[in-house]
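Each chain, letter by letter, is given below.
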Protein chains: 2
Amino acid sequence: MNDRKEAEALDRADPLAALRDEFALAPATIYLDGNSLGVPPKAAAARAQTVIGAEWGDGLIRSWNTAGWFALPRRLGNKLGALIGAAEDEVVVTDTISVNLFKALSAALRVQNARDPKRRVIVSERSNFPTDLYIAQGLIEQLDRGYELRLVDDPAELPAAITDDVAVTMITHVNYRTGYMHDMRALTELAHARGALALWDLAHSAGAVGVGLNDANADYAVGCTYKYLNGGPGSPAFIWVPKRHQNAFSQPLSGWWGHKKPFEMSPDYRPDDGIGRFLCGTQPIVSMALVECGLDVFLKTDMQAVRRKSLALTDLFIELVQTRCAGLNLTLVTPREHARRGSHVSFEHPHGYEVMQALIARGVIGDYREPHVLRFGFTPLYVRFVDVWDTVETLRDILVTESWRKPEFAARGAVT
Amino acid sequence: MNDRKEAEALDRADPLAALRDEFALAPATIYLDGNSLGVPPKAAAARAQTVIGAEWGDGLIRSWNTAGWFALPRRLGNKLGALIGAAEDEVVVTDTISVNLFKALSAALRVQNARDPKRRVIVSERSNFPTDLYIAQGLIEQLDRGYELRLVDDPAELPAAITDDVAVTMITHVNYRTGYMHDMRALTELAHARGALALWDLAHSAGAVGVGLNDANADYAVGCTYKYLNGGPGSPAFIWVPKRHQNAFSQPLSGWWGHKKPFEMSPDYRPDDGIGRFLCGTQPIVSMALVECGLDVFLKTDMQAVRRKSLALTDLFIELVQTRCAGLNLTLVTPREHARRGSHVSFEHPHGYEVMQALIARGVIGDYREPHVLRFGFTPLYVRFVDVWDTVETLRDILVTESWRKPEFAARGAVT
């Protein structure tokens, strides 16, 4: 592409173009950080007013029933499940990814301990999002029974790492830094062939790429709602457990929301049948309710259309950076192969942090990740092809003029 | 008291009367369930709009820094800490009570395991709020090292139960059903004398009664913000750990928010110094931000004044029920002694459920708890003395006319 007009033409032909109007995004902002925090659906503000005014204020305690608050984790879970290849009643929206990972990992280790207690290894990647590794470390330390976290440095090492002492693989489908996407079906199959269970983190997948959890025969999954799903800052996460594992799912965060009859107030925990037992405590209803606004936008399209546009956007971005920013010291980190690419694209630059600060100062909001990585997220519901064009032009200008060397972009203190 | 006019006079003399105007409460509603879900502060609706519009919408990802989202758990923790006798940087607002209890209980058992591994007992009450017991059961099952949950049936049995094999006492300061309030200082002292640690659940205490965690030399505490603190439905809970225990605090929910340098993205967990390590995952910011609206109302008074009014309200309620509803089959469950009474009052009635439904139908919203308990919460920030009078008159009318026998109040299906 050599001309912004071509990008404009792509936008005119884009079947998802109208969905941008569902979001409250300042017109002057090019937002390529929806993979960190999605933008607010326009419906969110009104929904918050309803929850606070009519439900909390007028309904008061009655709203747990009359406004459906009790049912929210499951109702939202079902809406979300449709985007990730889950069946009905296999997903609940609740807690954080870290907490849900703790539940799923605990459950997986229990199942394996009963089946084959020699299996004491959790396999993951050193480049996984750190909280996943930290949670595994925390659980291993607590169990204190010789469990081990085995980390590979490259996806190609996974087949050799999944040996017959592995209890569970804990892999993030799309890498937060590189955008590398694993083959969920093949890795799950490999794990099963070696007797391991496959736990997937969908933080950068849900709402971003096609995910077929049941098709892949995966065992557990967790993910978040505040990135591509536009649920709001820190909105509650989700956990998926397929029907076949639900009644064997046993985990230590056995709070009252997971009880079969929570209002009987029995002193003994008795897990609910099915997905109820993935819940623990009372959930933050205002934040939770806003998750639905984001999910409802997805009902107006489907993940095939979203994925098609995502690949078109990232293809164009890679092409334009490589043609228009050639020789400007940017190194592509993200796979070119569609099957291995999520919905964000990362480039390394020796002064990545400063370059990103300069971009942000000019209204192009991407993200920086240690070390040296400029990360650009493409959220097909509201990012346009002209945004891609304009981003690359701004990036080129910053790199050519070296305006990122200005003092205001140079120094950084504590990374935040 | 024999006349509503006397209640009106008490309201005119009430130094907290003006604070009722800080809350969005329908004038026709008498709300005596603020111990389950507090009413919305009027500021909450506008605060939600700011968070969703200016912070999430305009600030987008930058708001983690510019709007102070990262700092919220600690900033709110400090505001809340002032109400429960905590020092600066000893409280964070985060997660749910159940999850925070899991952290605190895990940490307590680790400390004791290092000191004296024979201590394998957690002491609590069978009448404790069930989620506390369930979490202890979940942790015990997970550790699988012979830990035991020892439950007493009466507070008087606690001294005998806290033997020298006890690792930690896990007691809820004010009982959710009866309103019984423990002597935190004496029980903590007893626990320490027997070599145990004292963990307190403040769900029905924070914002309701005077709490002096450091004065009592307590070891850990958790609590919620959606009852007397008016944080909103399911708003995030809190955890308190005093300075002396903070750097020995080690728990398995070691998510990235508890890391010393979360944005270094190191694959190895290294807990933050101090209270940072009580955090785990990304918090629901919209729900979290609303917690501040409730806390800010408390800044306009102090817990001494709140407690004084609370006791005056509950004294009056008990007096009026016993004089005006005499012979109507109501049995007081809550202690009369001020030092043993929280901020709610419970009466048993053989048809408690139906009576409460009839009250609610007449605009007096209390709560029902199995078995047979009518529970009335008195939140001094917005409950008036005339509300007490009117509640008792309505209750008397319902009992005298037996209007609770109407079919619409009779049958109940699943308790919710």
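Residues numbered from 1 in each chain as written. Chains lettered and ligands numbered in written order. Predicted model: local features only at pLDDT ≥ 70, side-chain atom pairs only at ≥ 80, totals over all residues. Heavy atoms only, no water.

Looking at the domain arrangement of chain A
Residue and element names in this part refer to chain A. Under the domain assignment, chain A is made up of domain 1 (4-42 + 302-409) and domain 2 (68-299). Taken over C-alpha atoms, the centre of domain 1 sits 29 Å from the centre of domain 2. At the interface, 36 residues of domain 1 touch 26 residues of domain 2. Taken as a group, Met 303, Arg 340 and His 344 account for 25% of the area that domain 1 buries against domain 2, more than any other trio of residues on that side. Applying the counting criterion to the domain 1 and domain 2 interface returns zero salt bridges. Between the two partners, domain 1 and domain 2, sit 13 residue pairs in polar contact (both at pLDDT 80 or more). Those elements that place two or more of their residues in the side of domain 1 that touches domain 2 are helix H11 (303-324), strand S10 (344-348) and strand S13 (373-377). Here the side of domain 1 that touches domain 2 takes four residues from H11, the largest share from any one element. Grouping the amino acids of the side of domain 1 that touches domain 2 by side-chain chemistry returns 15 nonpolar, twelve polar and nine charged. (Domains from an automatic or database assignment. Contact = heavy atoms within 4.5 Å. Buried area = accessible area lost by both parts, 1.4 Å probe. Salt bridge = Lys/Arg side-chain N within 4 Å of Asp/Glu carboxyl O. Polar contact = N/O pair within 3.5 Å; in protein donor to acceptor, adjacent residues only side chain to side chain. Helix = DSSP H or I, 4+ residues; strand = E, 2+ residues; numbered from the N terminus. Nonpolar A, V, L, I, M, F, W, Y, C, P; charged D, E, K, R; others polar.)

Observations concerning the packing of aromatic side chains
Residue and element names in this part refer to chain B. Evaluated as defined, the whole model comprises 33 aromatic pairs over all chains. Where Phe 317 meets Phe 376, the ring centres are 4.8 Å apart and the plane angle is 55°; that geometry is what we call tilted. Residue Phe 317 is found in helix H11 (residues 303-324), and its partner Phe 376 is found in strand S13 (residues 373-377); the two are separated by 59 residues along the sequence. Judged by its relative accessible area of 0%, Phe 317 is buried. (Phe/Tyr/Trp six-rings, centres within 6.5 Å; stacked < 30°, edge-to-face > 60°. Buried < 20%, exposed > 50% of the residue type's maximum accessible area, 1.4 Å probe, protein only.)

Observations concerning the UniProt feature "modified residue: N6-(pyridoxal phosphate)lysine" (unreviewed entry) in chain A
All names here are of chain A. Per the UniProt annotation, the sites labelled "modified residue: N6-(pyridoxal phosphate)lysine" (unreviewed entry) are Lys 227. Positionally, Lys 227 belongs in the loop between strand S7 (220-223) and strand S8 (238-240). Look past the residues within four positions of Lys 227 in its chain and what remains in contact with it is Gly 34, Asn 35, Ser 36, Gly 38, Ala 203 and His 204. One polar contact links the side chain of Lys 227 to the main-chain carbonyl oxygen of Asn 35, over a distance of 3.1 Å. (UniProt positions renumbered as here; feature names shortened; annotations may be inferred.)

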